[in-house]
Amino acid sequence: MSNPLYSYYPPEDTRKARESGYWNDDTLDRWLARQAEANPDKHFVEMAGRDGVSYAELNRRATRFAGALAALGCRKGDVIAIQLYNCPDFLTAYLGIARLGAIAAPLHMPLRDAEISPLLFHSKAKAVVCAPRAAGYDGPAMMARLQSELPELAHVIVADTDSEVEQGPSLAAMVAAGAASPPPAPPQPEDPFLLCFTSGTSSAPKGVMRDYQTLTANARTYAQTMKLDAESRAVIVSPLTHVYGLEGIHAALYTGGRVTPVERYDPQIFAEILENYRPRIVYCAPAHVAAALKDGSFDGRDLSGVGDVIVAGSLCPPYVARDFERLLPNGRVGSLFGMTEVLIATQTAMDGDADIRHGTVGRVLPGVEARIVDDEGRSLAQGEVGELQLRSLCGMTGYMANVEANENAYTADGWFRTADLAEWVDGENIAIRGRLNDIINRGGVKINPSDIENALSQHPKVREAALVPVEDEVLGERICAVVTLVNGAELSLDEVTAHLSEKKIAKMRWPEKLIVIDEMPMTPTKKIIKGKVRELISKSLTESSSVKA
């Protein structure tokens with residue numbers, strides 16, 4: 001596989017995808033224009049504390065922003081980065097970049113100079129749209145610093161302000177001054193549009209380039225699978241800087257529905273939005289639901305208007321899905337499986353059995369194939385745990401300018417290695433059982449920590465839990481539990497093991513060290529970053545069985 005932009009499927013299969021209509025002439029630009037013509041006054045975006053934005057208004061803003069970018073010298077194919085919270089300005093920038101035919105490169109909000117600089121350098125970004133200065137964040141100043149070391153970064157554009165700023169033009173001023181007619185060369189389905197960087201829970205982020213035909217096919221297929229329509233409202237808690245949140249936007253744009261992005265997550269605000277906006281579908285992470293359940297944010301709320309809640313982005317403990325569903329008189333909780341590299345690959349049947357919805361990620365979507373294999377690449381039967389591998393017509397073209405990563409990501413016969421452990425349940429449903437690189441080797445016994453973490457996170461004092469290995473001269477590795485606690489709580493190793501005993505976890509799988517930390521290292525999509533957890537404990541671990549870090 002010498003081609004750095006290797007595709008899952010051979011040419012005859014991609015030809016079938018086009019002939020069958022799985023890939024078609026859709027682009028996000030065409031979807032927006034179509035909705036603006038058909039439903040000009042209908043609100044696409046509705047958020048607490050902000051004016052609603054109609055399809056026609058968003059279409060106007062996107063067109064004018066594209067014209068203003070062109071006036072700055074940005075052209076079709078240029079990379080333009082976005083670092084913004086979930087807000088209307090994000091969509092103006094994102095869809096304006098699409099209208100220009102440029103490439104959008106979202107950057108997660110928690111990232112700062114050291115993380116952003118290599119991403120902008122790697123992508124050769126010509127411009128960046130950032131949030132204005134706020135407590136704990138000075139995006140304009142940060143981007144100005146980065147300009148001094150990144151000569152290709154020509155423009156810093158600051159959103160959510162009407163005034164010009166020292167670092168460059170404001171988004172509002174560009175929309176006001178931009179040309180009212182769209183650029184002359186509209187994007188085509190095969191054009192690259194979205195450059196996302198992987199979450200990097202265990203390694204350095206890698207750039208995944210996306211074209212319109214895979215993005216729109218995935219959103220269209222998912223909307224049809226979930227029976228979304230023009231009356232559907234989506235509450236999107238996941239950041240729009242990640243493909244999970246973006247595909248929620250794309251699905252709504254395809255159907256002509258409404259979206260309510262959650263600007264900044266807070267358990268009480270999350271619960272209030274669910275009560276007030278009564279969404280047909282909710283896109284969130286397990287950590288969002290677990291935090292709100294733990295602190296009682298849903299108590300006393302009328303959640304009768306909530307429909308399908310999709311918890312994804314990381315492994316969802318079944319008890320979290322079950323406990324939340326009990327609070328939804330008319331709603332159900334399910335899961336999907338997706339990755340930056342494959343978009344949304346599976347979805348639970350929302351009218352199916354609760355054990356399947358809460359314990360698996362469901363079945364593959366049309367256009368996706370899955371297999372579960374052992375270390376030798378042999379396909380496994382139901383009940384056997386191995387690596388989940390996927391082939392998808394919504395798969396990435398390849399990691400950007402990273403031949404080695406591409407060669408390691410695929411099998412010889414073209415299947416993408418997810419590095420997730422999984423097993424078949426009930427024939428067609430897939431249950432995720434952990435990550436290959438999370439396995440702890442204790443004296444030759446391979447221990448998968450995922451079910452132990454789920455059990456430990458059910459302790460009333462524990463907010464988040466991660467199990468990682470620590471070196472041991474005798475056994476090679478021992479198990480260390482790293483936890484964050486609810487406010488004011490204290491926890492001992494004896495309490496941990498007693499709890500795991502009650503949960504029927506075998507003694508040989510109990511942690512032998514406990515570290516309590518103030519904040520768990522997380523990706524913006526609420527995945528625990530095991531690599532950073534291991535770095536943290538290597539600095540703080542002592543001979544004591546319980547250590548405060």
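Right, let's walk through the structure included here. Here the structure is a predicted model, which means the values were calculated and not measured.

Reading guide: rules and limits
- Residues numbered from 1 in each chain as written.
- Predicted model: local features only at pLDDT ≥ 70, side-chain atom pairs only at ≥ 80, totals over all residues.
- Heavy atoms only, no water.
- Helix = DSSP H or I, 4+ residues; strand = E, 2+ residues; numbered from the N terminus.
- Rg over C-alpha atoms; globule rule 2.2 N^0.38 Å.
- Buried < 20%, exposed > 50% of the residue type's maximum accessible area, 1.4 Å probe, protein only.
- Contact = heavy atoms within 4.5 Å.
- Areas by Shrake-Rupley, 256 points an atom, 1.4 Å probe, with all protein chains shown as cover.
- Lys, Arg positive; Asp, Glu negative; His and termini not counted.
- Charge placed at Lys NZ, Arg CZ, Asp CG, Glu CD.
- Pairing = 2+ DSSP bridges.
- Right-handed = clockwise from strand over helix to strand, strands pointing away.
- Arc of directions from axis to C-beta.
- Axes fitted to C-alpha atoms, helices over the stretch in contact; angles between N-to-C directions.
- Parallel < 35°, antiparallel > 145°, perpendicular 65-115°, else oblique.
- Left-handed = near helix turned anticlockwise from the far one by under 90°.
- Nonpolar A, V, L, I, M, F, W, Y, C, P; charged D, E, K, R; others polar.
- Salt bridge = Lys/Arg side-chain N within 4 Å of Asp/Glu carboxyl O.

On to the overall build of the protein, then. A tally of helices and strands in the protein yields 17 helices and 25 strands. The C-alpha atoms of the protein give a radius of gyration of 23 Å, which matches the 24 Å a tight globule of 549 residues would have. With respect to the principal axes defined by its C-alpha atoms, the protein has extents near 70 × 55 × 50 Å. Across the 549 residues that make up the protein, the buried fraction comes to 57%. Partitioning the contacts of the protein with sequence separation of at least 6, the portion at a separation of at least 24 is 70%. Of the roughly 22,200 Å² that the protein leaves accessible, carbon and sulfur atoms contribute 48%. Measuring between centres, the 57 positive side-chain charges of the protein sit 1 Å from its 72 negative side-chain charges.

Side chains Ala127 and Val129 project from strand S5 (residues 127-130) onto one buried face, and the interleaved Val128 and Cys130 project onto a second face that is buried too. Sheet analysis places strand S3 (residues 79-83) next to S5, joined by four bridges and oriented parallel. From the neighbouring strand, Ala81 faces S5, where its bridge partner is Val128. Alignment of S5 against strand S6 (residues 155-158), held across four bridges, turns out to be parallel. Counted as the bridge partner of Ala127 is His155 from S6.

Neither face of strand S12 (residues 308-311) is left uncovered, since the one carrying Asp308 and Ile310 and the one carrying Val309 and Val311 both have all their residues buried. Of the pairings in the sheet, the one linking strand S11 (residues 281-284) to S12 comprises four bridges and is parallel in character. Counterpart to Cys284 in the pairing with S12 is Val311. A crossover connection joins S11 to the parallel S12 through helix H11 (residues 286-294); in handedness this β-α-β unit is right-handed. Bridge count between S12 and strand S13 (residues 332-339): four bridges; the pairing is parallel. In the strand pairing of S13, Val311 is matched with Ser335. Between the parallel elements S12 and S13, the chain passes through helix H12 (residues 318-325) in a crossover that is right-handed.

For the rest of this paragraph, the subject is helix H2 (residues 28-38). Residues Leu28, Asp29, Trp31, Leu32, Gln35 and Ala36 constitute the buried set of H2. With its buried residues spanning 165° around the axis, H2 presents them on a single face. Opposite the buried face of H2, at more than 90 degrees from it, the exposed residues are Glu37 and Ala38. Packed against the buried residues of H2 are helix H3 (55-72), helix H4 (88-100), strand S7 (192-197), helix H8 (212-225) and helix H9 (243-255).

Across the interface, H2 lies against H9 with an axial gap of 8 Å and an inter-helix angle of 45°. When the axes of H2 and H9 are compared, the pair comes out oblique. Considering only the axes of H2 and H9, their crossing is left-handed. Contacts from Leu28, Trp31, Leu32, Arg34 and Gln35 of H2 reach H9 at His250, Leu253, Tyr254 and Thr255. Split into classes, the residues belonging to the contact of H2 with H9 amount to five nonpolar, three polar and one charged.

Further remarks concern the pattern of salt bridges. Per the counting criterion, the structure on display carries 30 salt bridges. We note a salt bridge from Glu325 to Arg357, for which the minimum N-O separation is 2.5 Å. Of this pair, Glu325 sits in helix H12 while Arg357 sits in helix H13 (residues 354-359), and the two are 32 residues apart along the sequence. Accessibility classification places Glu325 together with Arg357 in one group, the buried group. The partner of Arg363 in a salt bridge is Glu428, with the nearest N and O atoms 3.9 Å apart. Within this pair, whereas Arg363 is found in strand S15 (residues 363-364), its partner Glu428 is found in the loop between strand S18 (416-425) and strand S19 (429-435), the two being separated by 65 residues in sequence. Look at Arg363 and you get partly exposed, because its relative accessible area is 36%.

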